[in-house]
Amino acid sequence: TIPPAVRKKLSMFRLRNVNEGVFVQYSERSRKNLQLLEPYIAYGILTKATISDLITRRGHGKVEGKRVPLMDNTIIETALGDDTGIICVEDLVEEIASPSSNFQKANNFLWPFHLTAPRTNFQKKTLGEVDGKDYGDRGETIDELIRQML
């Protein structure tokens, strides 16, 4: 089971279910929290292409407290356009890829991503979980894991 302190930190990052993903702006505070959660999460630096794939394939926004798929740019423009100037998916990707003052608003608009398990049951039984480390700081190689989970 997960200790209550770790569960609280996971909830703070909006990670409430297995195989969910969120964007986190890297800072000293977030680094310490990520290190505490390291046995339970995988994290790293995403490329702009992977961020774009995540948002276009699995992206949902928070509109009036409801989870709405990002089908077209009007959803983004209505929710973020007036405050931040983010009016389309490309602007949203740019804001997440190179954070500025609007990162928090853009990130709060995005619903946590629901991803698939990175391996099939057959692979888990054949390869074993011990050999394949799917948690902790993966640095630049996080892109490979995310692409498996898309």
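Residues numbered from 1 in each chain as written. Predicted model: local features only at pLDDT ≥ 70, side-chain atom pairs only at ≥ 80, totals over all residues. Heavy atoms only, no water.

As for helix α8 (residues 142-149)
Under the convention used in this document: Only protein chains enter the accessibility calculation, which uses a 1.4 Å probe; a residue whose area is less than 20% of its type maximum is buried, one above 50% is exposed, and one in between is partly exposed. Per the convention used, a helix needs a DSSP run of H or I reaching at least four residues, while a strand needs a run of E reaching at least two, with both numbered from the N terminus. The arc in question is formed by the directions pointing from the helix axis toward the C-beta atoms.
Among all positions in α8, only Ile 142, Asp 143, Leu 145, Ile 146 and Met 149 are buried. Relative to the axis of α8, the buried residues are bounded by an arc of 160 degrees and lie together on one face.

What about the pattern of salt bridges?
Keep this limit in mind: By convention in these notes, a salt bridge is any Lys or Arg side-chain nitrogen within 4 Å of a carboxyl oxygen on Asp or Glu.
Within the structure shown, the criterion is met by three salt bridges. Residue Asp 53 is joined to Arg 147 by a salt bridge in which the shortest nitrogen-to-oxygen separation is 2.4 Å. Of the two residues, Asp 53 sits in helix α3 (residues 48-58) while Arg 147 sits in helix α8, which places them 94 residues apart along the sequence. According to the relative accessible area criterion, Arg 147 is partly exposed, its value standing at 38%.

Observations regarding the pairing of strand β3 (residues 60-63)
Counted only if it meets this: Whether two strands pair depends on DSSP finding at least two bridges between them.
Looking at chain direction, β3 and strand β4 (residues 66-69) are connected through four bridges and run antiparallel. Residue His 60 lies in a different strand from β4, and its bridge partner there is Pro 69. In sequence, β3 turns back onto β4 through a hairpin of two residues, with Glu 64 there showing a positive phi of about 55 degrees.

Topic: the environment of Asn 102
This is how the line gets drawn: In this description, contact between two residues means that some pair of their heavy atoms is separated by no more than 4.5 Å. Any N or O atom pair separated by 3.5 Å or less is treated as a polar contact, with the protein-specific requirement of one donor-capable and one acceptor-capable atom, and with residues adjacent in sequence counted only for side-chain atom pairs.
Relative to the assigned elements, Asn 102 resides in the loop between α5 (89-97) and α6 (103-109). Separated by 19 residues in sequence, Asn 102 and Asp 83 have C-alpha atoms that sit 8.7 Å apart. Ignoring anything within four residues of it in the chain, the contact list for Asn 102 reads Thr 84, Ile 86 and Glu 95. There is a polar contact of 3.3 Å between the side chain of Asn 102 and the backbone oxygen of Thr 84.

Remarks on unusual backbone geometry
Most peptide bonds take the trans form, and the phi angle of most residues other than glycine is negative. Despite not being glycine, Asn 19 has its phi angle at roughly 60 degrees, a positive value. Topologically, Asn 19 is positioned in the loop between α1 (4-12) and β1 (20-21). A positive phi angle, near 55 degrees, is found at Glu 64, a position not held by glycine. Inspection of the secondary structure assignment puts Glu 64 in the loop between β3 and β4.

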